[in-house]
Amino acid sequence: MSAPDASVIVRSVGRPTLARTLASIAMQRDVSLEVLLVAASGPAHPAPPTQAGAHPLRFIASPVPLARGAAANAGLDAAGGKWITWLDDDDEWLVGHLRGLLDAAATRPSAGVVHSLASVRGDGESDRAVCHPLAVSELYEENFLHPSTALVAREHVAGGCRCDESLPMHEDWDWFLQCAQRA
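Residues numbered from 1 in each chain as written. Predicted model: local features only at pLDDT ≥ 70, side-chain atom pairs only at ≥ 80, totals over all residues. Heavy atoms only, no water.

A closer look at the side chain of Gln-28
Then, number 1: Its location among the elements puts Gln-28 in the loop between helix H1 (18–26) and strand E2 (33–39).
Then, number 2: The buried category is assigned to Gln-28, whose relative accessible area is 2%. (Helix = DSSP H or I, 4+ residues; strand = E, 2+ residues; numbered from the N terminus. Buried < 20%, exposed > 50% of the residue type's maximum accessible area, 1.4 Å probe, protein only.)

Encoded structure:
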């Protein structure tokens, strides 16, 4: 069996929003993907379904609760896709999001990291689109990437890019910096 186009790592503490997260993954069409649901809450995590729509879901159980970096690394260890992305259990994608990222990656196969426009809403604001070209120098100043809006080539993980488990936050920023240096 060939590797899926993408591995989607879902770090989950079993929030009620998990069903919506999985439903948004299920809406991704015309793409081969695997869902890796990491039980960041440890053994208290409820058993998930075995599918997210037509996409297979693999449950990565843990005997202990996992911090953000450790949960991300558990997903990275299990990922077999050509590209890797993630959602937390309170994130959602729009229909076609992953297909758009994979199409962008196909136009620049050596990119190693691709990201999409993101819609954000601030206090008292309406939705607005935000786009930053991937500039490593800017990434050192500000983390403008959200894990759910980016794809990273599997080769970066195989080459040693990991989340720093000693960081209580910004583990994704550190990971993106590692990957961007190789891309």
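Considerations on the environment of Thr-107
Then, number 1: Topologically, Thr-107 is positioned in helix H3 (residues 97–107).
Then, number 2: Separated by 2.7 Å, the side chain of Thr-107 and the backbone oxygen of Ala-104 make a polar contact. (Polar contact = N/O pair within 3.5 Å; in protein donor to acceptor, adjacent residues only side chain to side chain.)

Thoughts on unusual backbone geometry
Then, number 1: You will see that Asp-30, though not glycine, has its phi angle at about 55°, which is positive.
Then, number 2: With respect to the helices, strands and loops of the structure, Asp-30 is situated in the loop between H1 and E2.
Then, number 3: A relative accessible area of 68% places Asp-30 in the exposed class.
Then, number 4: Its identity is not glycine, yet His-170 carries a phi of approximately 65°, on the positive side.
Then, number 5: You can call His-170 partly exposed: its relative accessible area is 41%.

A short note on the environment of Asn-143
Then, number 1: With respect to the secondary-structure elements, Asn-143 resides in the loop between helix H4 (136–141) and strand E9 (150–153).
Then, number 2: With 34 residues separating them in the primary sequence, Asn-143 and Leu-177 have C-alpha atoms 9.1 Å apart.
Then, number 3: When residues no more than four places from it in sequence are discounted, the contact partners of Asn-143 are Asp-172, Trp-173 and Phe-176. (Contact = heavy atoms within 4.5 Å.)

Regarding the pattern of salt bridges
Then, number 1: Considering all chains together, one arrives at 11 salt bridges under this definition.
Then, number 2: Residue Arg-20 is joined to Glu-92 by a salt bridge in which the shortest nitrogen-to-oxygen separation is 2.9 Å. Taken together, the positions of Arg-20 in helix H1 and Glu-92 in the loop between strand E5 (83–88) and H3 put the pair 72 residues apart, joining distant regions of the chain.
Then, number 3: Classification of Arg-20 by relative accessible area gives exposed; the value is 52%.
Then, number 4: When its relative accessible area of 43% is taken as the criterion, Glu-92 is described as partly exposed.
Then, number 5: Arg-99 serves as the salt-bridge partner of Asp-103, at 3.0 Å between the closest nitrogen and oxygen. Of this pair, Asp-103 and Arg-99 both sit in helix H3, separated by four residues, roughly a single helical turn. (Salt bridge = Lys/Arg side-chain N within 4 Å of Asp/Glu carboxyl O.)

As for the sheet that holds E2
Sheet strands pair via backbone hydrogen bonds, and the direction of the pair is either parallel or antiparallel.
Then, number 1: Here seven strands make up an open sheet; going across it, the order is E3-E4-E2-E1-E5-E9-E6 and the pairing mixed. Edge positions in the open sheet fall to strand E3 (51–52) and strand E6 (113–115), since each of these has one partner strand only.
Then, number 2: Two elements, strand E1 (residues 6–12) and E5, share six bridges in a ladder whose sense is parallel. Looking at E5, one finds that Ala-6 is bridged to Trp-83.
Then, number 3: Seen against the sheet, helix H6 (residues 171–182) touches E1, E5, E6 and E9 and runs at an angle of roughly 50° to E9. (Pairing = 2+ DSSP bridges. Axes fitted to C-alpha atoms, helices over the stretch in contact; angles between N-to-C directions.)

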